Amino acid sequence: EADIYQTPRYLVIGTGKKITLECSQTMGHDKMYWYQQDPGMELHLIHYSYGVNSTEKGDLSSESTVSRIRTEHFPLTLESARPSHTSQYLCASSVAGPGGEKLFFGSGTQLSVL
Amino acid sequence: DQQVKQNSPSLSVQEGRISILNCDYTNSMFDYFLWYKKYPAEGPTFLISISSIKDKNEDGRFTVFLNKSAKHLSLHIVPSQPGDSAVYFCAASIQGGSEKLVFGKGTKLTVNP
């Protein structure tokens, strides 16, 4: 089992603020992901990384940016938060298994931008 | 254009009975399917998966059935327990890569005592 840690769990912030959502994993997985999910909707991939110094944009366009300087750390940054960024942000890492990869998710950060 | 569809937003069953959650997909290239379970304010947790070379996979109370010709899969939970109450997401990918994983919108299962 992977251990994925996300902080903060909840964040309420004003428009225009810069925020960083933290994500760390302790299992040495190379591949990591950021998803965005709204209630009643599917999970949308916004960023992923194959390993150190690798970052790719996902299917859903996002104004956020990510970095991967260390294997275990994959933070997401919003330079200027807006109410439209209000959502749940889920970090994950993956490991290969029979047939395909399995994602292991953190507990998520619920972001509210006022 | 949703490639993975969970047409039932919610499902309610009695404790001890069978829960059947359905999922349809449109992309015939999908060859790996997964179910995730999500409690409120938590991240999804992996439940069970199936490769397209199989039509059934079982893990304890959970069984996933795949009908490739109908592009349909279902998750059976027997017997259902109140702790199973959660949102269940169906997901599909091509060649098992998680960066290509497509999720459905989820079905909220409520198991009543």
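Only a predicted model underlies this, so the values are computations on that prediction, with no experimental measurement involved. (Residues numbered from 1 in each chain as written. Chains lettered and ligands numbered in written order. Predicted model: local features only at pLDDT ≥ 70, side-chain atom pairs only at ≥ 80, totals over all residues. Heavy atoms only, no water.)

S.K.: Requested: an account of the overall build of chain B, with residues and values cited.
M.R.: Broken down by element type, chain B carries zero helices and eleven strands. Helices and strands appear in chain B in the N-to-C order β-β-β-β-β-β-β-β-β-β-β. Over its C-alpha atoms chain B spans a radius of gyration of 13 Å, differing by no more than 12% from the 13 Å that the globule rule assigns to 113 residues. Along the three orthogonal principal directions, the C-alpha set of chain B runs to about 40 × 30 × 20 Å. Considering chain B as a whole, with its 113 residues, one finds that 47% of them fall into the buried category. Accessible area for chain B stands at about 5,300 Å²; split by element, carbon and sulfur atoms hold 49% of it. Between the averaged position of the 12 positive side-chain charges in chain B and that of its 10 negative side-chain charges there is a distance of 4 Å. (Helix = DSSP H or I, 4+ residues; strand = E, 2+ residues; numbered from the N terminus. Rg over C-alpha atoms; globule rule 2.2 N^0.38 Å. Buried < 20%, exposed > 50% of the residue type's maximum accessible area, 1.4 Å probe, protein only. Areas by Shrake-Rupley, 256 points an atom, 1.4 Å probe, with all protein chains shown as cover. Lys, Arg positive; Asp, Glu negative; His and termini not counted. Charge placed at Lys NZ, Arg CZ, Asp CG, Glu CD.)

S.K.: If you had to explain the sheet that holds strand β8 (residues 72-77) of chain B to someone new, which residues and values would you point to?
M.R.: All names here are of chain B. Taken together, the five strands give an open sheet; going across it, the order is β1-β3-β8-β7-β6, and neighbouring strands pair in antiparallel fashion. Among the strands making up the open sheet, the edge pair consists of β1 (4-5) and β6 (56-59). Across six bridges, strand β7 (residues 62-67) lies against β8 in antiparallel orientation. The residue bridging V64 from the neighbouring strand is L75, located in β8. (Pairing = 2+ DSSP bridges.)

S.K.: Before we move on, can you summarise the nonpolar core with the specific residues and values?
M.R.: By size, the foremost hydrophobic cluster in this structure holds 23 residues, and its most contacted members are F33, W35, L73, L75, I77 and Y88 of chain B. Listed by contribution, the elements that provide at least two residues to this core are β3 (19-25), β4 (32-38), β5 (45-51), β7, β8, β9 (86-93) and β11 (107-112) of chain B. Ranked by residue count, the leading element in this core is β9 of chain B, at four residues. Each residue touching L75 of chain B, except ones within four places of it in the same chain, is listed here: S19, I20, L21, W35, L47, I48, F62, T63 and Y88 of chain B. L21, W34, L76 and V113 of chain A belong to the second largest nonpolar core, which has 19 residues in total. (Core = buried A, V, L, I, M, F, W, Y, C linked by side-chain atoms within 4.5 Å. Contact = heavy atoms within 4.5 Å.)

S.K.: Can you tell me about the interface of chain B and chain A, naming the residues and giving the values?
M.R.: Contacts between the two partners involve 19 residues from chain B, matched on the other side by 25 residues from chain A. Across the chain B to chain A interface the summed buried area is about 1,900 Å²; carbon plus sulfur atoms make up 53%. A per-residue breakdown of the area chain B buries against chain A is headed by S98, E99 and F103 of chain B, which together make up 32% of the total. Our count for the contact surface shared by chain B and chain A stands at one salt bridge. (Buried area = accessible area lost by both parts, 1.4 Å probe. Salt bridge = Lys/Arg side-chain N within 4 Å of Asp/Glu carboxyl O.)

S.K.: Which residues make up the side chain of T77 of chain A, and what values go with them?
M.R.: Residue and element names in this part refer to chain A. Locating T77 in the fold gives a position in strand β8 (residues 76-78). Polar contacts involving the side chain of T77 include one to the side chain of T20, which spans 3.2 Å. Apart from the residues lying within four places of it in its own chain, the contact partners of T77 are K18, I19, T20, S64 and T65. (Polar contact = N/O pair within 3.5 Å; in protein donor to acceptor, adjacent residues only side chain to side chain.)

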